[in-house]
Amino acid sequence: MVKKVCVLCLILGLQMLLFCGCDSAELEERKFPLTIAFDEQDQGCVLTLGLEYLSGVAEEEESAKEEDEEEVMAAANWGEAFSDQDEKNPETMDYNHVKAVIISRAVLEDKEMLNHLLDYLETEELLSRNTLVFTCRDRAADLLALEGGLPMAEGMYLKQLTDGMTMQKDTAVVTLGNLMNERYNRMENLYLPVLEEQEQKPVICGYYALAEYNGMGMIKPEVYEVATLLENKRKLYQFDLDTGETIELSQIRCSGGVTSDEEKTVKEVCLSADAKIISKNAYAAEKKRAERQIREYLNSYLAVLLANSLTSNDLDLTNSYYSLGGYNRKLYKKYEDRPQAYRRNLEYRVDSKIDVI
């Protein structure tokens, strides 16, 4: 029933086609991919579409075309794959309602293949720039095979999965437009949700980090939460103290400049926030003591996580190189076009200011 409601929403959004004339194919015969998977195979590429049909659904009758389908097309390049798909389905394929794409890690890490994909999508303008981007460890097409067991089309399911992450701001969500922009700008850290199958459903098990458009490997969800915290992309942040209390931060503000001497570069991380104790242990610490405990925990935890990410993934969770020119022009000139050299000499100093409410 939920799936039918989602598809009927598409029908309402496309009624104008009936009035302007649909001379290529009847509306109910059109195919609407809501999810597209991109994979690499045998020096070529594989395009897999998760399709929805409007026929049968509009008439509230069961038919073969009411069922979801996958269409798979292997080719030497992405242009051929899309062209072959269109030839196979003449004048019936409509990409205007794609909600999400799943780009396999193999494609992400093959720069030539990824560039060609983004080139083609940007030139042809097939997909909206606000299309959600996911990745996976293995074949992206395997995740589309889960659609039959979901309560709605997989594209809608992945959108709801993202919409449900209410503690983060919209700026934390990676879209196709973000990925296209970063290819040219190379100034941001992007964190693509990594999907895997659990109990026959796609779930987010981690995040694949891109920095300067280079793959930095997979990070855990708790590291991602800190990254979005430090880049002011979180509304709320929850964690547990060693003494058992659960703390929720709000009104989060993270700032801090960059200083340097001959031997090292230091990124100052100044975090201020309101804190609410939402789960208490046997005793409730008085306000000043609670603020001290939270501050000491955050200073230590963030410093360790920042240092570990720099060591294990060559990843600066504060993305300080991007704003270096605004803090320290002399340092910016020293490391211009050399972000890796900058990170090799980088250290962190964390200072939290917490107000328990």
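Summarised in this report is the structure supplied together with it. Note that the coordinates shown come from a computational prediction; the quantities given were computed from them, not determined experimentally. (Residues numbered from 1 in each chain as written. Predicted model: local features only at pLDDT ≥ 70, side-chain atom pairs only at ≥ 80, totals over all residues. Heavy atoms only, no water.)

## A short note on the overall build of the protein chain
Which entries qualify depends on this criterion: Segments assigned H or I by DSSP are reported as helices when at least four residues long, segments assigned E as strands when at least two residues long, and all are numbered from the N terminus. The buried label applies to any residue whose accessible area, calculated with a 1.4 Å probe on protein chains only, is under 20% of its type's maximum; exposed applies above 50%, and partly exposed to all values in between. Residues count as neighbours in contact if any of their non-hydrogen atoms are within 4.5 Å of one another. Where accessible areas are quoted, they stem from the Shrake-Rupley method and a 1.4 Å probe; at the residue level, only the protein chains shown are allowed to cover.
Assigned secondary structure in the protein chain consists of 13 helices and 13 strands. Burial statistics for the protein chain: of 357 residues in total, 51% are counted as buried. In the protein chain, 67% of the contacts between residues at least 6 apart in sequence involve partners at least 24 apart. Within the structure as shown, the protein chain displays about 17,300 Å² of accessible surface, and the carbon and sulfur contribution to it stands at 47%.

## Digging into the environment of Cys136
By the secondary structure assignment, Cys136 is in strand E5 (residues 132-136). Taking the C-alpha atoms as reference points, Cys136 and Ile102, separated by 34 residues in sequence, lie 7.3 Å from one another. When neighbours within four sequence positions are excluded, Cys136 is seen to be in contact with Ile102, Ile103, Ser104, Arg105, Leu143, Val194 and Leu195.

## A look at the packing of aromatic side chains
Note the following rule: In summary, the pairing rule links any two rings of Phe, Tyr or Trp, Trp by its six-membered ring, whose centres are within 6.5 Å, and it sorts them by plane angle into stacked for under 30 degrees, edge-to-face for over 60 and tilted for everything else.
Counted under the stated rule, the structure contains 11 aromatic pairs. Ring plane angle 75° and centroid distance 5.6 Å describe the contact between Phe82 and Tyr95, whose orientation is recorded as edge-to-face. With a gap of 13 residues between them, Phe82 in helix H3 (residues 78-88) and Tyr95 in the loop between H3 and strand E4 (100-104) connect regions that are remote in the sequence. Tyr95 gets classed as buried once you look at its relative accessible area, which sits at 7%. Here the aromatic residues Phe38, Trp78, Phe82, Tyr95 and Tyr120 are joined through ring pairs into a cluster of three or more.

## Focus on the pairing of strand E12 (residues 265-279)
Definition in use: DSSP calls a pair of strands paired once it identifies at least 2 bridges connecting them.
Bridge count between strand E10 (residues 246-255) and E12: eight bridges; the pairing is antiparallel. Bridging from a neighbouring strand, Cys254 pairs with Leu271 of E12. Pairing between strand E11 (residues 258-260) and E12: three bridges, direction antiparallel. Of the residues in E12, the one forming a bridge with Ser260 is Thr265. Where E11 hands over to E12, the hairpin turn is made up of four residues, counted between the paired strands. For E12 and strand E13 (residues 346-356), the ladder comprises 11 bridges, and the chain directions are parallel. Looking across to E13, one finds that Ala273 is bridged to Ile354.

## Regarding the side chain of Thr35
How we decide: Nitrogen and oxygen atoms within 3.5 Å of one another constitute a polar contact, given that in protein one can donate a hydrogen and the other can accept it, and given that sequence-neighbouring residues count only through two side-chain atoms.
For Thr35, the position within the fold is in strand E1 (residues 31-41). Separated by 2.8 Å, the side chain of Thr35 and the backbone nitrogen of Gly155 make a polar contact.

## What about the packing of helix H5 (residues 111-124) against helix H8 (residues 176-185)?
Note the cut-off: Axis geometry follows a simple rule: fit a line to the C-alpha atoms, using only the stretch in contact for helices, then measure angles between N-to-C directions, giving values from 0 to 180 degrees. Working rule for handedness: look at the near helix, and if it is turned counterclockwise from the far one by less than a right angle, call the crossing left-handed; if clockwise, right-handed. Polarity classes work like this: nonpolar for Ala, Val, Leu, Ile, Met, Phe, Trp, Tyr, Cys and Pro, charged for Asp, Glu, Lys and Arg, and polar for all others, with Gly in that last group.
One way to put it is that H5 packs onto H8 with a least axis distance of 11 Å and a crossing angle of 115°. Handedness of the crossing formed by H5 with H8: left-handed. On H8, the residues that touch Asn115, Leu118, Asp119, Leu121 and Glu122 of H5 are Leu176, Leu179, Met180, Arg183 and Tyr184. Of the residues contributing to the contact of H5 with H8, the split by class is six nonpolar, one polar and three charged.

## Describing unusual backbone geometry
Unlike most non-glycine residues, Arg186 shows phi in positive territory, near 50°. Relative to the assigned elements, Arg186 resides in the loop between H8 and strand E6 (189-198). You will see that Glu199, though not glycine, has its phi angle at about 55°, which is positive. Judged by relative accessible area, Glu199 falls into the exposed class, the value being 77%.

## What about the environment of Leu306?
Residue placement: Leu306 occurs in helix H10 (residues 287-313). For Leu306, a relative accessible area of 0% gives the class buried. Along the chain, Leu306 and Asp316 lie 10 residues apart, while their C-alpha atoms are 7.1 Å from each other. Apart from the residues within four sequence positions on either side, Leu306 is in contact with Leu230, Val269, Leu317, Thr318, Tyr348 and Val350.

## A short note on the pairing of E4
With respect to burial, E4 is a largely interior element, five of its five residues being buried. Here E4 shows no split at all, with Ala100, Ile102 and Ser104 on one side and Val101 and Ile103 on the other all buried. Here E1 runs beside E4; their pairing, made up of four bridges, is parallel. Counted as the bridge partner of Thr35 is Ala100 from E4. For E4 and E5, the ladder comprises five bridges, and the chain directions are parallel. The partner of Ser104 across the bridge, within E5, is Cys136.

## Topic: the nonpolar core
Filter applied, for reference: Here the nonpolar core consists of buried residues drawn from Ala, Val, Leu, Ile, Met, Phe, Trp, Tyr and Cys, with membership extended through side-chain atoms lying within 4.5 Å.
In this structure, Tyr191, Phe239, Leu249, Ile294 and Leu317 are the most contacted members of the largest nonpolar core, which totals 46 residues. Top contributing element to this core by residue count: H10, with eight residues. Discounting residues that sit within four places of it in the chain, Leu317 has contacts with Asn189, Tyr191, Val223, Val226, Ala227, Leu230, Glu231, Leu305, Leu306, Ser309 and Tyr348. Counting residues in each nonpolar core, the second largest holds 37 residues, with Leu51, Ala81, Tyr95 and Val174 among its members.

## Here we look at a positive patch on the surface
Counted only if it meets this: Only residues above 30% relative accessible area that lack a salt bridge enter a patch, with like-charged residues linked at up to 9 Å and the nonpolar side chains Val, Leu, Ile, Met, Phe, Trp and Tyr linked at up to 5 Å. Each salt bridge in this description consists of a side-chain nitrogen of Lys or Arg and a carboxyl oxygen of Asp or Glu lying within 4 Å of one another. Positive charges come from Lys and Arg, negative ones from Asp and Glu, while His and the chain ends are left out of the count. Think of each charge as sitting on NZ of Lys, CZ of Arg, CG of Asp or CD of Glu.
Residues Lys330, Lys334, Arg338 and Arg344 make up a contiguous surface patch of positive charge. Relative to the assigned elements, Arg338 resides in the loop between helix H12 (329-334) and helix H13 (339-344). On the basis of relative accessible area, Arg338 is assigned to the partly exposed category, the value being 39%.

Keep in mind these numbers describe shape, not what the thing actually does.
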